[in-house]
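Residue-level structural notes
Read off the chains here:
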Amino acid sequence: MSLGGFLLQACNVERVTNPGSRDSMGGEVAAWGALIANMPCMIQALNANERAMFGGAGVDVSHRLFCEVQTETLTARDRVRVGEIIYGITHVDNVAGLSDHLEITLQEIQHGEP
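**Points about the overall build of the chain**
Tallying secondary structure elements over the chain gives one helix and six strands in all. Secondary structure elements in the chain, listed N-terminal to C-terminal, are β-β-α-β-β-β-β. Burial statistics for the chain: of 114 residues in total, 30% are counted as buried. For the chain, the share of sequence-separated contacts (at least 6 apart) that also reach a separation of at least 24 residues comes to 56%. Element-wise, carbon and sulfur atoms account for 52% of the exposed surface of the chain, whose accessible area totals about 6800 Å².

**Description of unusual backbone geometry**
The backbone of Asn38 sits at a positive phi, close to 55 degrees, despite the residue not being glycine. For Asn38, a relative accessible area of 57% gives the class exposed.

**Things to note about helix H1 (residues 48-56)**
You can read the cap of H1 off the contacts: a side-chain oxygen lies 3.0 Å from the backbone nitrogen of Asn49, and it is on Asn47. Two residues or fewer after H1 comes Gly58, characterised by a positive phi angle close to 85 degrees.

**Describing the pairing of strand E6 (residues 102-110)**
Consecutive side chains of a regular strand alternate in pointing toward one face of the sheet and then the other. By the bridge criterion, five bridges tie strand E3 (residues 63-67) to E6 in an arrangement that is antiparallel. For Cys67, the partnering residue across the bridge sits in E6 and is Leu102.

**Some details on the pattern of salt bridges**
Overall, the coordinates contain four salt bridges when judged by the stated rule. Asp78 is the salt-bridge partner of Arg15, the closest N and O atoms lying 2.6 Å from each other. With a gap of 63 residues between them, Arg15 in strand E1 (residues 9-16) and Asp78 in the loop between E3 and strand E4 (79-82) connect regions that are remote in the sequence. By relative accessible area, which is 2% here, Asp78 ends up buried. Of the charged contacts, one joins Glu50 and Arg64 as a salt bridge, the two residues approaching to 3.3 Å between their closest N and O atoms. Here Glu50 is found in helix H1, whereas its partner Arg64 is found in strand E3, with 14 residues between them in sequence. Each of the salt bridges in this network shares a partner with another, and the network as a whole consists of Glu14, Arg79 and Arg81.

What counts and how
- Residues numbered from 1 in each chain as written.
- Predicted model: local features only at pLDDT ≥ 70, side-chain atom pairs only at ≥ 80, totals over all residues.
- Heavy atoms only, no water.
- Helix = DSSP H or I, 4+ residues; strand = E, 2+ residues; numbered from the N terminus.
- Buried < 20%, exposed > 50% of the residue type's maximum accessible area, 1.4 Å probe, protein only.
- Contact = heavy atoms within 4.5 Å.
- Areas by Shrake-Rupley, 256 points an atom, 1.4 Å probe, with all protein chains shown as cover.
- Polar contact = N/O pair within 3.5 Å; in protein donor to acceptor, adjacent residues only side chain to side chain.
- Pairing = 2+ DSSP bridges.
- Salt bridge = Lys/Arg side-chain N within 4 Å of Asp/Glu carboxyl O.

Below is the structure:
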């Protein structure tokens with residue numbers, strides 16, 4: 001089953017481009033660069049039952065993203081940006097291993113201007 005007709009949103013996937021950079025106090029500073037721009041997707045907020053299910057497993061999840069399989073491998077080290085909203089990726093699932101689509105769980109980490 002193709003999700004193409006349902007992927008009406010677009011997001012950018014970002015990856016850290018300079019791991020190990022330090023600020024003047026020695027803290028790590030991440031610079032994020034675009035990995036995939038304008039990726040067609042569908043993002044849904046999880047309902048209370050779904051959030052509780054993930055929370056019971058010790059994972060803080062707020063949204064689910066659906067997209068087609070990408071040529072770039074997406075990982076929990078990447079993040080998703082939709083306008084000014086930033087989500088951390090918590091898990092990437094190639095559903096049933098069929099390479100038909102990905103279901104990615106997200107945690108909203110920033111809402112508004114960075």
